[in-house]
Amino acid sequence: MSGGSARVPLLAVAHGSQDARSSATVERVFGRVRELRPDLDVRVAYLDHVEPGAEEALAGLAAEGAGEAVVLPALLTAAYHSKVDLPGVLERAAAAFPWLRLRYARTLGPHPLLLEAVERRLREAGLEASPDTALVLASAGSSDPEANAVIEAAAAELARRGPWREVVAAHASMASPTPGEAAARLRDAGAPHVAAATYLLAPGFFADRVADQAAAEGAAVSAALGDAPEVAELVVRRYEEALLEAPAFPRVAAG
């Protein structure tokens, strides 16, 4: 990476939660990113519940004289927050600070590194792929069918990587099956053992729901991805990809 690119700050925007465990974990994720890239100005903001908010963080960058920034949605799938909420924030920032060029990075997922992080967390929980163990890949869930399809595809890829007996996607909200329903169906289908992978960036409300529902059906549960090394590596990759793209904000009129 060139010295010039290192001067382009990274603003990661996470969802935010009233659960303090969530923001503490997000901060650890980006602390690991700073360890990987000590040359890079890495900042963290939130869409809700936690300060600083994304608009406040962008205003801070502009006030400091930044002319450019990479904004990374710290989300595992592209859905409403990355497609509507955050672009709206960037549009307003671009109008308020027209000299600030904003490169909009892709969401973290889908990416093979996230599956490696899933496998890491499973191993840490003592859960290894085995022909007698079925796996539930449990996400937060979304009203966006494309986001839920990403989880289905990730489950299929984990099954291919195996050797799990079966891998099914589940959703803690907005879609079915729930983690509890998925675990129960796998048991009913004859799986001797059922495990659940928490496909969430941080602990909090949804991670607790995944753990409670899966455990109620006798499934062992892995932790959220958190500051797994693969997540930090992926953040750096998304940053570098964004630097190769034209700034998304302010928008340039066609013609």
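Residues numbered from 1 in each chain as written. Predicted model: local features only at pLDDT ≥ 70, side-chain atom pairs only at ≥ 80, totals over all residues. Heavy atoms only, no water.

**Student:** Just checking my understanding: could you explain the pairing of strand β5 (residues 133–139) for this structure?
**Tutor:** For a regular strand, the rule is simple: side chains alternate between the two faces of the sheet. Across the 7 residues that make up β5, a large majority, 7, are buried. Covered by surrounding structure in β5 are Thr133, Leu135, Leu137 and Ser139 together with Ala134, Val136 and Ala138, the residues of both alternating faces. In the sheet, β5 pairs with strand β6 (residues 166–171) via 6 bridges, with the strands oriented parallel. Bridge pairing links Leu135 to Val167 in β6. (Buried < 20%, exposed > 50% of the residue type's maximum accessible area, 1.4 Å probe, protein only. Helix = DSSP H or I, 4+ residues; strand = E, 2+ residues; numbered from the N terminus. Pairing = 2+ DSSP bridges.)

**Student:** How should I be thinking about helix α4 (residues 80–96) in this particular structure?
**Tutor:** Residues three or four positions apart in an α-helix share a direction because the helix packs 3.6 residues into each turn. For α4, built from 17 residues, the straight-helix expectation of 24 Å at 1.5 Å per residue is met to within 8% by its first-to-last C-alpha distance of 23 Å. Along α4, the helix axis deviates most sharply at Leu86, where the bend reaches about 30°; the proline Pro87 sits within four residues downstream. Among the residues making up α4, those that are buried are Ser82, Leu86, Pro87, Gly88, Val89, Leu90, Ala93 and Ala94. (Expected span 1.5 Å × (residues − 1). Bend = angle between axes of the 7 residues up to and from the residue.)

**Student:** Would you mind going over the pairing of strand β7 (residues 193–198) with me for this structure?
**Tutor:** When you tally the buried positions in β7, you get 5 out of 6 residues, the bulk of the element. Where β5 lies against β7, 6 bridges are found, and the strand directions are parallel. Across the sheet, residue Thr133 finds its bridge partner in β7, namely His193. In this sheet, strand β8 (residues 220–221) lies alongside β7 in parallel orientation, the contact comprising 2 bridges.

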